[in-house]
Every structure is written in C-alpha cells, then in structure tokens.
Amino acid sequence: LAPRILDGDFAPGFYVKHFVKDMRIAMSSAEEMGLDLPGLACAKRLYELLESSGGANLGTQALWLLYASDSAREREGVTPTATTLAAATSAAGSGE
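Residues numbered from 1 in each chain as written. Predicted model: local features only at pLDDT ≥ 70, side-chain atom pairs only at ≥ 80, totals over all residues. Heavy atoms only, no water.

Engineer: I'd like a rundown of the pattern of salt bridges, residues and numbers included.
Structural biologist: Inspection of the entire model under this criterion finds 6 salt bridges. Note that K21 is salt-bridged to D22, the shortest N-O span being 2.8 Å. Between R24 and E51 there is a salt bridge whose closest N-O contact spans 3.6 Å. With a gap of 27 residues between them, R24 in helix 2 (residues 16-32) and E51 in helix 3 (residues 38-55) connect regions that are remote in the sequence. R24 gets classed as partly exposed once you look at its relative accessible area, which sits at 41%. (Salt bridge = Lys/Arg side-chain N within 4 Å of Asp/Glu carboxyl O. Helix = DSSP H or I, 4+ residues; strand = E, 2+ residues; numbered from the N terminus. Buried < 20%, exposed > 50% of the residue type's maximum accessible area, 1.4 Å probe, protein only.)

Below, the structure is given as structure tokens:
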C-alpha cells in the first residue's frame, strides 16, 4: 500500500468501514474465546478514528491521513478533531 500512499491514492481497494466491521467481529470472537489481542485492539481504534473523521469510504491505506498534513487530510475530506489526532498518536505509541 505504500506506493498508493506516496501517490496520494486513497481510493478503496478495501473500504475502511468494512475493515472496521471485520475487526469488530474479530474482537468479539476473541473476547468469547478469552483471547487478548492488543495489536488488533490498537488497529481497530485507529481505524475507528479514521472512520469517524470522514474516512469510512476511503481505502485502508488512508490510515496514514491521521498523521498527514492538514492539506492532505482536507483534500481527502478527512477532518479529525485535535482530540482525535491526539488519540491516534497515543494509541499508536502505546500499542493499545
């Protein structure tokens, strides 16, 4: 996906909204089995932040937009709040 990110191509190969749905199902199944999946929990949280910031219909490579410049986010219609950006940075740094 890196070449697409570098080209500014955030068209969906797989939609963020579908990826979030799948991660919710996986987390639910993991909980039922008593499994702790911190990496999946962290990824799910980051993609939920992207989804709630206007990135639901972009491709999964659009996760990069949480860390991109304001102009790159605006161009793609992703408008996270300052709180969302702080949460993304915190989640990525803590592994939660």
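Engineer: Explain the packing of helix 2 against helix 3 to me, and be specific about the residues and the numbers.
Structural biologist: Taken N-terminus to C-terminus, the directions of helix 2 and helix 3 make an angle of 145 degrees; their axes are 9 Å apart at the nearest point. As for how helix 2 packs across helix 3, the hand of that crossing is left-handed. From helix 2, V16, K17, F19, V20, M23, R24, A26 and M27 reach across to helix 3, where they touch L40, A41, A43, K44, Y47, E48, L50, E51 and G55. Partitioned by chemical class, the residues of the contact of helix 2 with helix 3 number 11 nonpolar, 1 polar and 5 charged. (Axes fitted to C-alpha atoms, helices over the stretch in contact; angles between N-to-C directions. Left-handed = near helix turned anticlockwise from the far one by under 90°. Contact = heavy atoms within 4.5 Å. Nonpolar A, V, L, I, M, F, W, Y, C, P; charged D, E, K, R; others polar.)

Engineer: I'd like a description of the confidence of the model for the chain, backed by residues and values.
Structural biologist: Taken as a whole, the chain shows an average pLDDT of 90; of its residues, 95% reach a score of 70 or greater. For the chain, the element scoring lowest by mean pLDDT is helix 5 (residues 82-94), at 77; helix 2 scores highest, at 98. (pLDDT = per-residue confidence, 0-100.)

Engineer: Kindly report on the packing of aromatic side chains, identifying the contributing residues and their values.
Structural biologist: The final tally for this structure, using the stated rule, is 3 aromatic pairs. Here the aromatic rings of F14 and F19 are separated by 6.3 Å at their centres, their planes lie at 80 degrees, and the arrangement is edge-to-face. Summarising the aromatic geometry, the rings of F19 and Y47 are spaced 4.9 Å apart at their centres and angled 85 degrees between planes, so their arrangement reads as edge-to-face. With F19 in helix 2 and Y47 in helix 3, the pair connects residues that are 28 residues apart, well separated along the chain. Given a relative accessible area of 28%, F19 falls into the partly exposed group. According to the relative accessible area criterion, Y47 is buried, its value standing at 10%. (Phe/Tyr/Trp six-rings, centres within 6.5 Å; stacked < 30°, edge-to-face > 60°.)

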